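# Coordinates in review
Take a look at the letters that make up each chain.
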Amino acid sequence: KADSRVCEANLAHSLEIRLNQPPLDRAYVGFLLQTQARQGRPPRTLYGLHSDRLFTPASNLKLLTTAAALVYLGPDYRLRTSIYGQPEADGTTNLRLVGRGDPSLTALQLQDLAQQLGAAGVTRVRRLVLDDSYFPGLALNPTWEWEDIQFAYAPVVNSLIFNQNALTLTLTPSQVGQPLNLQWSLNPGDQAGVINDTLTVAPEVTLEPQVVGRSQISGNFHLVGQMTKQDAPVTLELAVLNPATAFSQAIQEALRQAGIPVDSTVITPTPTPFKQPELAAVLSPPLGQLLLPANQDSHNLYAEVLLKTLAMKASLSPPEEASEAGTRAVKTILGNLGVSTTGWVLVDGSGLSRHNLITPEALVETLQVMANRPDGEIFRASLAVAGVSGTLRRRFNNSIVATHLQGKSGAMTGEVALSGYLQPPDYQPLVFSFIIDRKSTRLNSSHLVISYAVFCLKKK
């Protein structure tokens, strides 16, 4: 349409006016906006700014991890947790439980395993070996910040995962002059010690905020801060320091409830040949469903599990370090699809590390490739919808972008990112990536720029 062509001609100038206004005028911005490629019709770049430069992508990195996992593993792939053994005539046996990193595993799945063992004739377990070796190498990414890894969004990513390797701490006031009451979802004594320097104070006292830290040496939780007696409970989501131990306690409890006592339990980080038959197994939801928490909710554990699973499935031989092998697999898989991987620095699968570097151009290329694949709708459905779902549920609510944008947000100190698909009401579909590199800006800055681009391009 003639009017929209005129609008396209003025788009760059109009966007630059906004990019040169506070607070974006003091930020380093990477932006690429293209029409969505169609079969036989390549994309057109409507606007680009530093789109070939390297930025810290924050959680936009999950787009690369989930795209590579979907392409290589397929939407129906499931993670399997298995128990092997051979019951004797009286039902006693040794068992080996092998975890393969299922991030969705809860007490319900463990109860299922215990019931299957009962049905297989197991009455008593002399020795239960918990194999935590499927993902080789470091279970905690060494490039993550110490201030992050005490919280549930930066969990240990091992092979035996239970309740997302997280525990909940609820703080409630007690009597004035006494420490706050602590209620844990798991026994913290099995993870580390607890130093409680909190205090319940009178209403007129100026409160110190509640803060939880963890010693780099002992791993002890250290709690400080204050509440008044009238304050509502405060809940903190923390990372489990030793998740294999939490898994061990949970499976033993499931077996106890099923009437199957366990004499001894061993956790091993070393793979050991075990030729007994599989007596019980549970499967994760299909990978197409695992993408939802990874992308819509930006759940770091799910993304890291997908990265490490890629490492195990795409490697010709078992790798020494799963995360490193996984990042190599992501580059290879997406590179084979035509995505430019030049200059990439990938050190995790979630984007939590500040060492990652990627270009807006590569993110757009990945989105373009996925849009035209048979599994493209599964990938697109895993993204948050502006004003509707996931991390974008409370963003763009009162703008023209609401319901027209499917994307992945990303944010950490000093970095803000948003990439995805746009469907303007009166224009062809668009693909974009927008990354801001400065501490003084927030996602609402990209909100304004993207909203203008859609508004401009929808005019007749």
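The structure we're discussing is the one just above.
Rules and cut-offs
Residues numbered from 1 in each chain as written. Predicted model: local features only at pLDDT ≥ 70, side-chain atom pairs only at ≥ 80, totals over all residues. Heavy atoms only, no water. Helix = DSSP H or I, 4+ residues; strand = E, 2+ residues; numbered from the N terminus. Buried < 20%, exposed > 50% of the residue type's maximum accessible area, 1.4 Å probe, protein only. Contact = heavy atoms within 4.5 Å. Areas by Shrake-Rupley, 256 points an atom, 1.4 Å probe, with all protein chains shown as cover. Expected span 1.5 Å × (residues − 1). Pairing = 2+ DSSP bridges. Salt bridge = Lys/Arg side-chain N within 4 Å of Asp/Glu carboxyl O. Core = buried A, V, L, I, M, F, W, Y, C linked by side-chain atoms within 4.5 Å. Axes fitted to C-alpha atoms, helices over the stretch in contact; angles between N-to-C directions. Phe/Tyr/Trp six-rings, centres within 6.5 Å; stacked < 30°, edge-to-face > 60°.

### Observations regarding the overall build of the chain
In terms of regular secondary structure, the chain is built from 11 helices and 17 strands. Dimensions of the chain, computed from C-alpha atoms along their principal axes, come out at roughly 85 × 65 × 35 Å. The buried share of the chain, reckoned over its 460 residues, is 53%. By sequence separation, contacts in the chain at least 24 residues apart represent 70% of the contacts at least 6 residues apart. Surface summary for the chain: the accessible area is close to 19,900 Å², and the carbon and sulfur share equals 50%.

### Observations concerning helix α2 (residues 62-73)
Along an α-helix, residues three or four positions apart point the same way, because every turn accommodates 3.6 residues. The end-to-end C-alpha distance of α2, which contains 12 residues, comes to 16 Å, matching closely the 16 Å that a straight helix rising 1.5 Å per residue would cover. Counting buried residues in α2 gives 10 out of 12 residues, a clear majority hidden from the surface. If you check which residues of α2 are buried, you get K62, L63, L64, T65, T66, A67, A68, A69, L70 and L73. One or two steps after α2, the chain reaches G74, where phi turns positive at roughly 90 degrees.

### Digging into the pairing of strand β1 (residues 28-35)
On a regular strand, each side chain points to the face opposite its neighbour's, so the side chains alternate between the two faces of the sheet. Among the 8 residues of β1, 7 are classified as buried, and the element is accordingly described as predominantly covered. Relative to strand β2 (residues 45-49), β1 is paired through 4 bridges, and the arrangement is antiparallel. Each residue of the ladder has a partner; that of F31, found in β2, is L49.

### Brief notes about the pattern of salt bridges
A pair can form between side chains of opposite charge whenever their charged atoms are brought close. Scanning the model with the defined rule gives 9 salt bridges in all. Across the salt bridge formed by D148 and R354, the nearest N and O atoms sit 3.3 Å from each other. Within this pair, whereas D148 is found in helix α4 (residues 146-149), its partner R354 is found in the loop between α8 (322-336) and α9 (360-371), the two being separated by 206 residues in sequence. Its relative accessible area of 28% is what places R354 among the partly exposed residues. Put simply, E253 and R256 hold a salt bridge, and the shortest N to O gap is 2.6 Å. Within this pair, E253 and its partner R256 are both found in helix α5 (residues 243-257), separated by 3 residues, close to a single helical turn.

### Focus: the nonpolar core
If you look at the biggest cluster of nonpolar residues, it comprises 34 residues, and the most contacted ones within it are L64, L310, V330, L334, W344 and F379. Taken together, the elements giving at least two residues each to this core come down to α2, α6 (287-295), α7 (300-314), α8, α9, β16 (415-422) and β17 (430-437). Here this core takes 7 residues from α2, the largest share from any one element. Ignoring sequence-local partners within four residues, the contact set of L64 consists of V330, L334, W344, L346, I358, L363 and T366. In terms of nonpolar packing, the next biggest core, distinct from the first, is built from 32 residues, C7, F396, V454 and L457 among them.

### Points about the sheet that holds strand β5 (residues 124-131)
Strand order in the open sheet made by the 5 strands is β12-β5-β4-β3-β13, with mixed pairing throughout. Each edge of the open sheet is held by one strand with a lone partner, namely β12 (262-268) and β13 (278-283). Sheet twist, expressed as the average angle between the axes of neighbouring strands with direction ignored, equals 15 degrees. Two strands pair when backbone bridges link them, and strand β3 (residues 80-85) and strand β4 (residues 92-98) are joined in this way by 4 bridges, in the antiparallel orientation. Bridge pairing links S82 to V98 in β4. Where helix α3 (residues 107-119) meets the sheet, it contacts β3, β4 and β13, and its direction lies at approximately 155 degrees from that of β13. Contacts from α5 reach β4, β5 and β12 within the one sheet, and its direction differs from that of β12 by about 155 degrees.

### A word on unusual backbone geometry
The phi torsion of most residues other than glycine is negative, and most of the peptide bonds are trans. Following P22, the chain continues to P23 via a peptide bond in cis, the omega torsion being 0 degrees. With respect to the element layout, P23 can be found in the loop between α1 (2-19) and β1. In this model, A58 sits at a positive phi of 50 degrees, which is unusual for a non-glycine residue. You can see A58 is positioned in the loop between β2 and α2. Not every positive phi belongs to a glycine, and T403 is a case in point at roughly 70 degrees. Positionally, T403 belongs in the loop between β14 (384-385) and β15 (405-412). A relative accessible area of 54% places T403 in the exposed class.

### Notes on α9
With 12 residues, α9 extends 17 Å from end C-alpha to end C-alpha; this agrees with the ideal 16 Å at 1.5 Å per step. Residues of α9 that are buried include every one of P360, A362, L363, V364, T366, L367, Q368 and M370, and no others. Buried residues belonging to α9 abut β1, α2, α8, α10 (376-381), β16 and β17.

### Focus on the side chain of S389
Along the chain, the position of S389 falls in the loop between β14 and β15. Other than its neighbours up to four places away in sequence, S389 contacts Q296, L383 and A384.

### Quick look at the packing of aromatic side chains
By the definition in use, this model includes 6 aromatic pairs. Plain terms: the ring middles of Y28 and F55 are 4.9 Å apart, the flat faces sit at 20 degrees to each other, and that makes the pair stacked. With Y28 in strand β1 and F55 in the loop between β2 and α2, this residue pair connects regions lying 27 residues apart in the sequence. Residue Y28 is classed as partly exposed on the basis of its relative accessible area of 24%. Residue F55 is classed as buried on the basis of its relative accessible area, which comes to 1%.

### Here we look at the sheet that holds strand β9 (residues 211-214)
Reading across from one edge, β8-β10-β9 is the order of the 3 strands in this open sheet, with mixed pairing throughout. The sheet terminates laterally at β8 (194-201) and β9, the two strands that pair on one side only. For this sheet, the mean inter-axis angle between neighbouring strands, taken without regard to orientation, is 5 degrees. Two elements, β8 and strand β10 (residues 221-228), share 8 bridges in a ladder whose sense is parallel. Pairing of L199 across the sheet is with Q226, part of β10.

That is the geometry; function is a separate question.
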